[in-house]
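Examining the three-dimensional arrangement
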Amino acid sequence: MEVISYSSPPCCNFKRRLLVKKHSTRQQVKISLCKKHRILCTRINSRSGSLGFSNKDYPLLKNVYHGKGSRPFNALEGSKNVESKVFSGNYNGYVIGREDEVGSMSETRDSVTKVLIPGLPEESNGERGAPISSCFWEWKPKLNVHYEKSGCENVNSPPLLFLPGFGVGSFHYEKQLKDLGHDYRVWAIDFLGQGMSLPIEDPTSQSNEETISETKDLVWGFGDETEPWASDLAYSMDLWRDQVRYFVEEVIGEPVYIVGNSLGGFVALYFAACNPQLVKGVTLLNATPFWGFLPNPIRSPRLARIFSWSGTFPLPESVRKLTEFVWQKISDPESIADILRQVYADHSTNVDKVFSRILETTQHPAAAASFASIMFAPQGELSFREALSRCHMSNVPICLMYGKEDPWVKPVWGLQVKKEVPDAPYYEISPAGHCPHDEVPEVVNYLLRGWIKNQESQGSVALPLLDEMENIQDSITKNLEFVREGSSKSVIVRFFGSRFSLWNRMESYFKSRFGKLETKSR
């Protein structure tokens, strides 16, 4: 046991001495640790999902529902200005959507094979999820990476690393940490500039003393000069790729199965393309196929020089005004609720913790400037398609799981990936939107377990939904049923085989439609 003294970010205002147990046991492939980093870990409250910090410990949370310039927002009552209100539903939490939309996502399942799968661990049934620890890893001076972990005792099981989408963090994988942590060693990180991996100090300084007194502790990143530690800092794809690489090398210490949702999916693929030796397999959950607007300076140096600013600190004066305007809009609780309503297909999904944690992040003094940096940071050196091609050439195993009702990354994008890597298993889940791991975690966890078993057994264990070593070349559809909060729920999952194409799908669609019409006419 090693005693580590750690001073947290000033916005958290706490100092603790913690015991961190070092695990010396590793699996087959070892990675040497280049240098020592300070790590802080604390256990997460299983009921509230919080780290146990009160408003007294975390002063920025005092006004979490009362942003500057906005009226109080009661998430349980909703807002008159928002068409779809947030109301109390069957799961004792927030439900995004109109009351008449709840339960409207069902499909005809009469002709589909039913498969009963396990639900999530529920305390009401005497079941307990795997304990989750919240940790900070000091990657570079002033740049602390927050992550959560579970299942550390499963030393002989493969490691899993989850990467979050834009605007969320490791908290979005709580249902994976609690469930999969029973069988695997599981980590989930916050990207730098997001979640709880925001900077612990202002990356800029003010030259004017009057300005310093006026803006102190209000917003960071709007100063006149860049602090030495933040020189060239921009929250870009390249930074996140490197962050993941060093985290795998120095914290996990061996190759991992990496899972990414939305932005996290792109970063997972990009990281795997550049570091195939550190990856056992990649799972994409509605991965966004593009990120960044400005050209990459390494890939297109001449074009990049045209743009005078590319996400570094401090923000230019013109960008500050735009950032203030946009940030006031998107950080408003009503806007956050509306976005959640868009990305969750099943509006009975409990999103209270997600809603609260996103609000917490918007209260951090560095949040607005970090958002601007992310939006103006350059693209990665590789496009999504190039990263996919490199992974394919390096024989990196890929698994695809996409929510069918995603309004942003529509199924056609997932099918394009399937076209590039035809041997990759593709699971289309319905109803499910942009975040299937949070909306239908029972299904995603079941498929992940099955795919990892298939990989670890080198194919001797069949892929999930396939009987024995059944070779499905086109597609099959099954109805996965599970119990949640004492009620039975089900979703349709369609598996696409190696010979599946968009034309096959169109042909199947028209056959089903005409078949229904013929049945009705009879």
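Anyway, here's the lowdown on the structure attached to this text.

Criteria and thresholds
- Counting restarts for each chain, with residues numbered from 1 along the sequence as it is written.
- At least 70 in pLDDT is required for a residue's local features to be given in this predicted model, at least 80 for side-chain atom pairs to be given and counted, and no such filter applies to totals for whole chains, interfaces and linings, which use all residues.
- Water and hydrogen atoms were dropped before computing side-chain values, which therefore reflect all heavy atoms in the structure.
- Only DSSP runs of H or I with at least four residues qualify as helices, and only runs of E with at least two residues qualify as strands; both kinds are numbered from the N terminus onward.
- Residue burial is assigned from relative accessible area. The probe radius is 1.4 Å, only protein chains are included, and a residue is buried under 20% of its type maximum, exposed over 50%, and partly exposed in between.
- Note that the arc is defined by the directions from the helix axis to the C-beta atoms.
- Any two residues whose heavy atoms approach within 4.5 Å are treated as being in contact.
- When a carboxyl oxygen of Asp or Glu is within 4 Å of a side-chain nitrogen of Lys or Arg, the pair counts as a salt bridge.

With that settled, consider the environment of P316. Residue placement: P316 occurs in the loop between α5 (301–304) and α6 (317–330). Among the residues examined, P316 registers a relative accessible area of 26% and is labelled partly exposed. P316 sits 93 residues away from G223 along the chain, and the two C-alpha atoms are 9.5 Å apart.

Those residues of helix α11 (residues 411–420) lying buried are P411, G414, L415, V417 and K418. The arc that holds every buried residue of α11, seen down its axis, measures 155 degrees, which confines them to one face.

This paragraph deals with the side chain of T283. Within the secondary structure, T283 sits in strand β14 (residues 279–285). Setting aside chain neighbours within four positions, we find T283 in contact with I258, V259, G260, C399, M401, L448 and W451.

Before going further, it helps to spend a moment on the pattern of salt bridges. In the structure shown here, the tally under the stated rule is 20 salt bridges. Residue R185 pairs with E254 through a salt bridge whose shortest N-O separation is 3.0 Å. Within this pair, whereas R185 is found in strand β10 (residues 185–189), its partner E254 is found in the loop between α3 (237–252) and β13 (256–261), the two being separated by 69 residues in sequence. A relative accessible area of 5% means that R185 is categorised as buried. R341 is the salt-bridge partner of D338, the closest N and O atoms lying 2.6 Å from each other. Taken together, the positions of D338 and R341, both in helix α7 (residues 333–343) and 3 residues apart, correspond to about one turn of that helix. Connected via shared salt-bridge partners are D238, R241, D242 and E381.

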